[in-house]
Amino acid sequence: MDSLLRSNAAECVAETSTDPVRLELEWWRGAVVYQIYIRSFQDSNGDGIGDIKGITARLPHVASLGVDAIWIAPFFRSPMKDFGYDIADYREIDPSFGTLSDFDELLAAARDLGIRVLVDLALSHTSDRHPWFTESRSSRDHARSDWYVWADPKPDGTPPNNWLSVFGGSSWAWDSTRQQYYLHNFLASQPDLNFHNPSVQDAVIDVAKFWLDRGVDGFRLDTINFYFHDLQLRDNPPLPDEFRNTSIAPSVNPYNYQCHRYDKNRPENIAFLGRLRSLLERYPESIAIGEVGDAQRGLEILAEYTSGDNRIHMCYAFEFLSGNRPNAGRFADVLAQLARLGPDAWPAWAFSNHDVERHATRWNLGPERNRVMIHLMVCLKGALCLYQGEELGLPQADLAFEDLRDPYGVRFWPEFPGRDGCRTPMVWKSTARNCGFSDVRPWLPVPEAHRVLAADRQAGDAGSVLSAYRSAIALRRASPALRTGSLEVLAAEGDFLALERRLGAERVVCAFNFGDDAVEFDFPHGEWTTLAGIRDAGDDGWALSGSIRLKGNDCIIAVLKEEP
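Predicted, not measured: the structure shown is a model, and the values here were computed from it.

S.K.: Could you clarify how one ought to interpret the sheet that holds strand β2 (residues 32-36) in this entry?
M.R.: Strands pair in a sheet through their backbones, by hydrogen bonds, and they do so in one of two ways: parallel or antiparallel. An order of β12-β11-β10-β6-β3-β2-β14-β13 is seen for the eight strands of this open sheet, with the pairing classed as parallel. At either end of the open sheet lies a strand with only one pairing partner, and these are β12 (314-316) and β13 (348-350). With strand direction ignored, the average angle separating the axes of adjacent strands in the sheet is 25°. Bridging between strand β11 (residues 287-291) and β12 involves three bridges; their strand directions are parallel. Within the sheet, the bridge partner assigned to E291 lies in β12 and is Y316. The sheet strands contacting helix α5 (residues 198-214) are β6 (116-121) and β10 (218-221), and the helix crosses β10 at an angle near 140°.

S.K.: Would you take a moment to explain the packing of aromatic side chains for this structure?
M.R.: We describe a pair of aromatic rings using the distance from one ring centre to the other and the angle between the two ring planes. The tally for this structure, following the rule as stated, stands at 41 aromatic pairs. Consider the rings of F210 and W211, whose centres lie 5.1 Å apart with planes at 85°: the pair is edge-to-face. For W211, a relative accessible area of 0% gives the class buried. Aromatic pair F331 and F514: ring centres 5.9 Å apart, planes at 70°, arrangement edge-to-face. Of this pair, F331 sits in helix α8 (residues 328-341) while F514 sits in the loop between β17 (506-513) and β18 (519-522), and the two are 183 residues apart along the sequence. F514 carries the same exposure label as F331, and that label is buried. Aromatic rings pair up to connect F75, F76, Y90, F103, W132, W147, F210 and W211 into one cluster. In this structure, R144 is placed above the aromatic ring of W147, and the distance from its NZ or CZ to the ring centre is 4.5 Å. For R244, the ring lying beneath its charged end belongs to Y257, and the centroid distance is 3.8 Å.

S.K.: Would you mind going over the pattern of salt bridges with me for this structure?
M.R.: Once the charged atoms of two side chains with opposite charge are near each other, the side chains can pair. Going through the model one piece at a time under the given rule, you end up with 30 salt bridges. Between R369 and D516 there is a salt bridge, and its shortest N-O distance comes to 3.0 Å. Of this pair, R369 sits in helix α10 (residues 367-378) while D516 sits in the loop between β17 and β18, and the two are 147 residues apart along the sequence. On the basis of relative accessible area, D516 is assigned to the exposed category, the value being 60%.

S.K.: Could you clarify how one ought to interpret the pairing of strand β8 (residues 172-175) in this entry?
M.R.: The two faces of a sheet get side chains in turn, since along a regular strand they alternate between them. Sheet analysis places β8 next to strand β9 (residues 180-183), joined by four bridges and oriented antiparallel. Following the sheet pairing, D175 is matched in β9 by Q180.

S.K.: Explain unusual backbone geometry to me, please; I cannot follow it from the model alone.
M.R.: Residues other than glycine predominantly adopt negative phi, and peptide bonds predominantly adopt the trans conformation. Cis rather than trans, the peptide bond between W413 and P414 has omega equal to 0°. Along the polypeptide, P414 turns up in the loop between α11 (407-412) and α12 (448-451). Positive phi, normally seen in glycine, also occurs at M80, with a value near 65°. On the secondary structure map, M80 appears in the loop between β4 (76-77) and β5 (89-93).

S.K.: Hey, could you run me through the sheet that holds strand β7 (residues 150-151) in this one?
M.R.: Spatially, β7-β9-β8 is the arrangement adopted by the three strands of the open sheet, whose pairing is antiparallel. Among the strands making up the open sheet, the edge pair consists of β7 and β8. Looking at chain direction, β7 and β9 are connected through two bridges and run antiparallel. Residue W150 lies in a different strand from β9, and its bridge partner there is Y182.

What counts and how
Each chain has its residues counted from 1, following the order in which its sequence is written. In view of the model being predicted, local features appear only for residues whose pLDDT reaches at least 70, and side-chain atom pairs are presented and counted only at 80 or more, with totals across whole chains, interfaces and linings using the full set of residues. As a rule here, side-chain values come from all non-hydrogen atoms in the structure, and water together with hydrogens is ignored. We treat two strands as partners when DSSP finds at least two bridges between them. For the purposes of this entry, the term helix denotes a DSSP run of H or I that reaches at least four residues, the term strand denotes a run of E that reaches at least two, and both are numbered from the N terminus. Each axis is a line fitted through C-alpha atoms, and for a helix only the stretch in contact is used; angles between axes span 0 to 180 degrees, taken between their N-to-C directions. Whether two residues are in contact is decided by their heavy atoms, any of which lying within 4.5 Å being enough. Centre distance within 6.5 Å is the pairing criterion for rings of Phe, Tyr and Trp, where only the six-membered ring of Trp is used; planes under 30 degrees apart are then read as stacked, over 60 as edge-to-face, and the remainder as tilted. The classification of residues rests on relative accessible area computed with a 1.4 Å probe and restricted to protein chains. Under 20% of the type maximum is buried, over 50% is exposed, and intermediate values are partly exposed. Two thresholds decide whether a charge sits over a ring: the Lys NZ or Arg CZ must be within 6 Å of the ring centre and within 35 degrees of the ring normal. The salt bridge definition used is simple: a Lys or Arg side-chain nitrogen within 4 Å of an Asp or Glu carboxyl oxygen.

Structural data, given as structure tokens:
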């Protein structure tokens, strides 16, 4: 293992400033963001659906994790065909979630706890119930006629090109009023806005301004690379078999057969992101996190969208959000690729979210390996996004077909069960009805297998996954090097990964063994003191020197006390 030290080194981005004023303004660089899927967090009014007051009631749990911010899934007025990602009014809260007054109370409560609030904005598309679309489809002569992407059929009546929807089938739907097709990258009830129209850009910028004026600290931007389309409506080319993967769509979906060159990832997007960043700069400390949905060019687009100070603050791609558990080489490769593509790019790493199978199941994590993975996560350079329930180690729920609500899963069942399995309600109290989420039948069932993992069962257990999340996040908050320092990969072989983080005089080495067998390796020369280790560390940790034997499913994070 010693021979690997530095042999696979990948220098990943120069360290950031140590100026305290700048660090305060750039709080987001080392931030830990907790994602709340509002429908499944806490029901406060007995209708089986989570709501804003429920979030407010559970904020003490979020604060106990030590996170910097919450990101709340869309709560705007919606017909709920895609459960809030089909927005009918950007300025009104859906009655199932509460009121604007409820949201103001949430903002105040979060502020009192030192938690910033980010709102999830789906700007690439709206609901077909949005007044903009109603007006646009009413006539080709209406003032908003080109606010959406309309196109005539081919001479034989078929759609204008071969573009496919992420949710399956053609991304074009016929409208009998205009007798034209409209573009929808997702459900047919989610028509795409035409960002080539400056008035559309003005309108969505004004939406963002409305919420910033309301007091939010920024946004998570849904499908940030889908805003623009090719004006010539050119066909997407086929994607060679060897480049297909299932990070964006399951294998049963023909979406994977295309190189999505013309229906997303367009160069015009850069200028719009600059406009959005200019707005955010007018609200000190406000930020945006972009979701990059692309199976082949995710890291490249992430780097492109976050390099410099005139684009988006940070983005996340799907490198660690899909597929089997990555080995050390995969982690090292992703870090090296990003360093090469964008030396000053800023990622937001995530292992789970509301769109993918929970990583406790996807990566086959038991409690010990789960604790290793959260310590690895807090040692990565960039912001972190945690998804509700992962701090409890929740596995993916296995639901019956009749319990499914996700239209994506309903369409591709049984080969692809959809996203409901990661969206089941949070489990708060092991002995309560529906584990404390609601007193009535929830919109999705609470799996019995989750009951033993409820928050109240883990709260007082020092060996629990919940305790590991709290201690790992506290470690990151206490270490400037882990928050914003440079990163170098020291070793990567099999399931052993060693990283070094530096900022100023602080130097931290982080070694992870997420395999079952013990490994031996040599720490770099110097006098080291451990900050964290999963097992066998006393109150004062280890004094490290020379060759170290690291057990399976274990880690060591150590700070250099004195140079040799």
